[in-house]
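Chain by chain, the residues run as shown.
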Amino acid sequence: MIPKFLGYHRPDNRIGIRNYVAIVPTVGCANEVVRKIAESVKNAIPFLHHEGCTQLAPDIEAVTQTLISLGKNPNFGAVLVVSLGCEGVNADRVAEEISNIGKPVEKIVIQELGTLRSLQEGIRIASTLMRHISSEEKDWYTLGDLVLGVKCGASDATSGIASNPAVGYAVDTIIEGGGTVVFGETTEIIGAEHLLAKRIPDPAVKEKILFMINRIEERAKSMGVDMRTGQPTPGNIAGGLTTIEEKSLGAIAKTGSHNISGALEFWESPRGKGLFMKDTPGREIEAMTGLAAAGVQLIAFTTGRGAPQGFPGIPVIKISANPQTSVRMEDNIDLDVSDIITKGISIKEKGEEILNFILKVANGQLTKSETIKYDETMDIYTTGPVI
Amino acid sequence: MAEKRAIIIGEKDNVATALENINKGDTIVAKVGDSENSIINLTAKKEIPFGHKISLVNIKKGEPIVKYNSTIGLATSLITEGDYVHVHNVESTRGRGDKRIVKE
């Protein structure tokens, strides 16, 4: 059987697995208007972030490009940009660059319309966009059109030995099928960068990834903190992790075994297919934004202790190999792979199960975070001071 | 003695990770992660808690400890088959973070 899924073809030839209208504030000050518009319109997804103004130019640029990339994500058939009017981000540029790929984009400015008229106008526009894209028909696509993000959070001893390697198996299958997988969490690679480097044939890509790792370490050093010190932590050692290499390898086991084709800045999308590393922090709120900005259709997320959250408009599959967590946090955990540990089921078998689940979700099956709407929190990674 | 389970994540690994608490003298059945068939049996020489590592072979001082098909550190003393493998007999090739200041 050839694995396939039903998706929406977007004008830039990317394939969406959901068909939403993104409501994108260009500054955190517009969030209230954005939230109320989204509450009033079916399948309207708000990106409630807190950036976009009184930041240094490199951060404003990073926020601008991230918002453009989020708007281009193929799960969104249309975009409404909501500007306050005086923010640092250029809202016209955001709207224009998203519409350049041929996607319907509209824009409103709160300081021109007033708050209540912005709501009225925003709801009218978003509902019109939604009706328009709701007529889009789905078509069949294969693994080659799949773009998956992988992430781990609230990890424990079961993550490195069971859930991450099982996701890694699914990732390998997707890459072998010609698809695309993006992983982030630059900080998780520290200590295993020499091992990751063996999977990067292109010297320029290798240099860029090592630069990204060094950059985050230097930022920490500028605050007087060495991120390698105290790794592995006493808690890690008590849990059985002996060295920093072992800890990092457990985290990057979710990226499978194939070569890495490219390195992406936080706001960038991959050019071409294959396995890509993106510079994101480990924290869920920003890390998943980075993956969404890379254009992933969905995210496979492993957790030991039970990280509960989804992401706006992007299905997040929660996978746990901790038998207690799978029961206690069953409202959030989509896939319980704890029988790797309790029954000795192979990583291959559970990896195949994860891949099948990924395809089901790509095909329209809802994840738990989508169903219970545990999917609103997101933010954009910035590194400079707020003015 | 009881039969206990461990997992070998990579096919080149020379250690397995305990999937349950292992007592000295227990027989360990260790399965290679992505294979249905490769199973190794050995006897635990020490107590090994869940999530901790056991040696599958004799590893000489200075030889690599391999997990995830990668070197996670070097043996600081002779480790024999069935031994407990942890910070007391392994050192990172990157320098132990928590000892780094002392080393430099």
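Residues numbered from 1 in each chain as written. Chains lettered and ligands numbered in written order. Predicted model: local features only at pLDDT ≥ 70, side-chain atom pairs only at ≥ 80, totals over all residues.

## Here's the deal with the overall build of chain A
Looking only at helices and strands, chain A features 16 helices and 14 strands. Structurally, chain A occupies a C-alpha span of about 60 × 55 × 40 Å along its principal axes. Each of the 387 residues in chain A was classed as buried or not, and the buried ones make up 57%. (Helix = DSSP H or I, 4+ residues; strand = E, 2+ residues; numbered from the N terminus. Buried ≥ 20, exposed ≤ 12 C-beta atoms within 10 Å, placed from the backbone.)

## What to know about the interface of chain B and chain A
Frequently, the measure chosen for interface size is the accessible area removed from exposure when the parts meet. Contact with chain B, which involves 30 residues of that partner, is made by 25 residues of chain A. Listing elements by their share of the side of chain B that touches chain A, those giving two or more residues are strand S1 (3-8), strand S7 (70-75) and helix H1 (100-103) of chain B. Looking at the side of chain B that touches chain A residue by residue, the classes come out as 10 nonpolar, 11 polar and nine charged. (Contact = placed C-beta atoms within 7 Å. Nonpolar A, V, L, I, M, F, W, Y, C, P; charged D, E, K, R; others polar.)

## Observations concerning the pairing of strand S12 (residues 298-303) of chain A
Residues and elements named next belong to chain A. Of all the six residues making up S12, six are buried; the element is thus mostly covered by neighbouring parts of the structure. Residues Leu298, Ala300 and Thr302 point to one face of S12 and Ile299, Phe301 and Thr303 to the other, with burial holding for every one of them. The pairing of strand S8 (residues 147-153) with S12 spans six bridges and is parallel. Residue Lys151 lies in a different strand from S12, and its bridge partner there is Phe301. Strand direction decides the pairing type here: S12 and strand S13 (residues 316-320), joined by four bridges, are parallel. Looking at the pairing, Ala300 lines up with Ile317 of S13. (Pairing = 2+ DSSP bridges.)

## Section: the packing of helix H6 (residues 157-176) of chain A against helix H15 (residues 347-362) of chain A
All names here are of chain A. Packing of H6 against H15 brings their axes to within 7 Å, and their N-to-C directions diverge by 60°. In this view, H6 runs oblique relative to H15, as classed from their interaxial angle. In the packing of H6 onto H15, the handedness of the crossing is right-handed. Note on element contacts: H15 touches H6 through Ile347, Lys348, Lys350, Gly351, Ile354, Leu355 and Ile358, opposite Pro165, Ala166, Val167, Tyr169, Ala170 and Thr173. (Axes fitted to C-alpha atoms, helices over the stretch in contact; angles between N-to-C directions. Parallel < 35°, antiparallel > 145°, perpendicular 65-115°, else oblique. Left-handed = near helix turned anticlockwise from the far one by under 90°.)

## Points about the pairing of S13 of chain A
Residues and elements named next belong to chain A. With five of five residues buried, S13 is to be regarded as a mostly interior element. Side chains Val316, Lys318 and Ser320 of S13 all project onto a buried face; the interleaved residues Ile317 and Ile319 project onto the opposite face, where all are buried too. Pairing between S13 and strand S14 (residues 335-336): two bridges, direction parallel. Across the sheet, the residue bridging to Ile319 is Leu335, located in S14. Taking the sense of rotation as the criterion, the β-α-β connection linking S13, helix H13 (residues 323-328) and S14 turns out right-handed. (Right-handed = clockwise from strand over helix to strand, strands pointing away.)

## Overview of the domain arrangement of chain A
Residues and elements named next belong to chain A. Per the domain assignment, the segments of chain A are domain 1 (20-133) and domain 2 (141-371). Of all the elements in the fold, those that place two or more residues in the side of domain 1 that touches domain 2 are strand S3 (20-25), strand S4 (44-46) and helix H2 (57-72). The element best represented in the side of domain 1 that touches domain 2 is H2, accounting for six residues. Taken together, the residues of the side of domain 1 that touches domain 2 break down into nine nonpolar, five polar and one charged. (Domains from an automatic or database assignment.)

## Regarding the environment of Thr187 of chain A
All names here are of chain A. Checked against the element boundaries, Thr187 lands in helix H7 (residues 186-189). In sequence terms Thr187 and Arg199 are 12 residues apart; their C-alpha atoms lie 18 Å from each other. Ignoring anything within four residues of it in the chain, the contact list for Thr187 reads Ile216, Met227, Pro281 and Gly282.

## What about the nonpolar core?
All names here are of chain A. Of all hydrophobic cores here, the largest spans 142 residues; its most connected members are Val21, Ile23, Ile299 and Ala300. Viewed by domain, this core spans two of them, domain 1 (20-133) and domain 2 (141-371), each represented by three or more residues. Filtering out sequence-adjacent residues up to four positions away, Ile299 remains in contact with Gly149, Lys151, Met288, Leu291, Phe311, Ile314, Val316 and Ile317. (Core = buried A, V, L, I, M, F, W, Y, C linked by C-beta atoms within 7 Å.)

## Describing the confidence of the model for chain B
Residues and elements named next belong to chain B. Across chain B, the average pLDDT comes to 87, with 84% of residues at or above 70. Counting contacts from residues 97-104, a segment whose pLDDT is below 50, to residues more than four positions away or on other chains yields 11 contacts. The ipTM, which scores confidence in the relative placement of chains, is 0.91 for this predicted complex, and the corresponding pTM is 0.94. (pLDDT = per-residue confidence, 0-100.)

## A closer look at the environment of Leu359 of chain A
Within the fold, Leu359 of chain A resides in helix H15. In sequence terms Leu359 of chain A and Gly149 of chain A are 210 residues apart; their C-alpha atoms lie 13 Å from each other.

## Details of the sheet that holds S7 of chain B
Strand pairs in the sheet, formed through backbone hydrogen bonds, run parallel or antiparallel to each other. The sheet built from three strands is open, its strands ordered S6-S7-S9 (chain B) with antiparallel pairing. Edge positions in the open sheet fall to strand S6 (64-67) and strand S9 (90-91) of chain B, since each of these has one partner strand only. With four bridges joining them, S6 of chain B and S7 of chain B adopt antiparallel strand pairing. Within S7 of chain B, the position partnered with Ile65 of chain B by the bridge is Gly73 of chain B. Against the sheet, helix H11 (residues 244-252) of chain A makes contact with S6 and S7 of chain B, and its axis sits at roughly 160° relative to S7 of chain B, the strand it touches most.

## Notes on H6 of chain A
Side chains that are three or four residues apart share a direction in an α-helix, a result of its 3.6 residues per turn. The first and last C-alpha atoms of H6 of chain A sit 28 Å apart over 20 residues, in line with the 28 Å expected at 1.5 Å per residue. At Asn164 of chain A, H6 of chain A is deflected by roughly 35°, the largest bend along its length, and proline Pro165 of chain A occurs up to four residues later in sequence. (Expected span 1.5 Å × (residues − 1). Bend = angle between axes of the 7 residues up to and from the residue.)

## Side note on the sheet that holds strand S5 (residues 53-55) of chain B
All names here are of chain B. Pairing within the open sheet is mixed, and its six strands lie in the order S4-S3-S1-S2-S5-S8. Whereas interior strands pair on both sides, the edge strands pair on one side only; in this sheet they are strand S4 (39-43) and strand S8 (84-85). Note that S1 and strand S2 (residues 15-18) share two bridges and pair antiparallel. By the bridge assignment, Ala6 is partnered in S2 with Ala18.

## Concerning the packing of H2 of chain A against helix H3 (residues 91-99) of chain A
All names here are of chain A. Across the interface, H2 lies against H3 with an axial gap of 9 Å and an inter-helix angle of 35°. Like other packed secondary-structure pairs, H2 and H3 cross with a definite hand, here right-handed. For the pair H2 and H3, the contacting residues are Thr64, Leu67, Ile68, Gly71 and Lys72 in the first and Arg93, Val94, Glu97 and Ile98 in the second. Taken together, the residues that form the contact of H2 with H3 break down as four nonpolar, two polar and three charged.

## Considering unusual backbone geometry
All names here are of chain A. With a phi close to 60°, Asn43 is a non-glycine residue in the positive phi region. Examined against the element boundaries, Asn43 turns out to sit in the loop between helix H1 (31-40) and S4. The exposure class assigned to Asn43 is partly exposed, which follows from the 17 C-beta atoms found within 10 Å.

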